[in-house]
Amino acid sequence: MAVTINGNGAVTGLTALPDSAMAEDSVIQVVTNSTNTEVSNSTSTYADTGLSCSITPSLASSKILVIVDQQMQIYSPSSGNNGFGVQLLRGSTVIVNGGPSNTVGPFGYYFAPFSGSLNLYLRHHYSHYDSPSYSVGDTFTYKTQMRRYNSPHVVKAQLTDAAGDSGVSRMTLMEVKS
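Residues numbered from 1 in each chain as written. Predicted model: local features only at pLDDT ≥ 70, side-chain atom pairs only at ≥ 80, totals over all residues. Heavy atoms only, no water.

Caption draft 1: Examining the overall build of the protein more closely. Across its full length, the protein holds zero helices and 13 strands. Helices (α) and strands (β) of the protein occur, in sequence order from the N terminus, as β-β-β-β-β-β-β-β-β-β-β-β-β. For 178 residues, the compact-globule estimate of 2.2 N^0.38 gives 16 Å, and the C-alpha radius of gyration of the protein, at 21 Å, exceeds that figure by more than 25%. Taken along the three principal axes of its C-alpha coordinates, the protein extends 75 × 35 × 25 Å. Taken across its 178 residues, the protein has 37% of its residues classed as buried. Partitioning the contacts of the protein with sequence separation of at least 6, the portion at a separation of at least 24 is 80%. Carbon and sulfur atoms make up 51% of the accessible area of the protein, which totals about 9,000 Å². Of the charged side chains in the protein, 9 are positive and 11 negative; the average position of the first set lies 8 Å away from that of the second. (Helix = DSSP H or I, 4+ residues; strand = E, 2+ residues; numbered from the N terminus. Rg over C-alpha atoms; globule rule 2.2 N^0.38 Å. Buried < 20%, exposed > 50% of the residue type's maximum accessible area, 1.4 Å probe, protein only. Contact = heavy atoms within 4.5 Å. Areas by Shrake-Rupley, 256 points an atom, 1.4 Å probe, with all protein chains shown as cover. Lys, Arg positive; Asp, Glu negative; His and termini not counted. Charge placed at Lys NZ, Arg CZ, Asp CG, Glu CD.)

Caption draft 2: Structural context of the nonpolar core. Residues V66, Y142, M171 and L173 are the most contacted members of the largest nonpolar core, which totals 13 residues. Elements supplying a minimum of two residues to this core: β5 (47-55), β6 (63-76), β11 (140-148) and β13 (169-176). (Core = buried A, V, L, I, M, F, W, Y, C linked by side-chain atoms within 4.5 Å.)

Caption draft 3: The arrangement of unusual backbone geometry in detail. Despite not being glycine, D25 has its phi angle at roughly 70 degrees, a positive value. By the secondary structure assignment, D25 is in the loop between β2 (11-12) and β3 (27-35). Phi is positive for S61, close to 65 degrees, though the residue is something other than glycine. Looking at the element boundaries, S61 is found in the loop between β5 and β6. Overall, the relative accessible area of 47% leaves S61 in the partly exposed class.

These values are about where atoms sit, not about what they do.
Structure follows, in structure tokens:
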């Protein structure tokens, strides 16, 4: 079918612009994933949180906007310094560091010093504009990992509360034409 513009400016014969015709900084596609499976980590080694999302860019040299909204908890039965880190990975590559053991970092959560136990619930929100190198047809999987800073603390994601309701975490990926 031919594309035509009639006398009043209405376009017929075109249902959508092809991705290649979109303006720079246009969102080409959006992919979202969520999980409500509880995961805990009581070590100082990063471990998967269970939140991940995959995207296959349709254009060469697109950028990926990663949006994380993750339910988290830090629990400590004793007084002292507490904290945890959440890092973002593309595949096995860390693209945003969760903060080294001295709690410096964009994702470092640190609570010090305090007396008594700590049971803190929060939503970890973060956006990252990623510029990966790739060929059209490549698929990227993004995920988060978490760890605690000190013993005997435990960090959890998608925590199930006393009523049995699970916290939901989401990741959204947007392919942005560059």
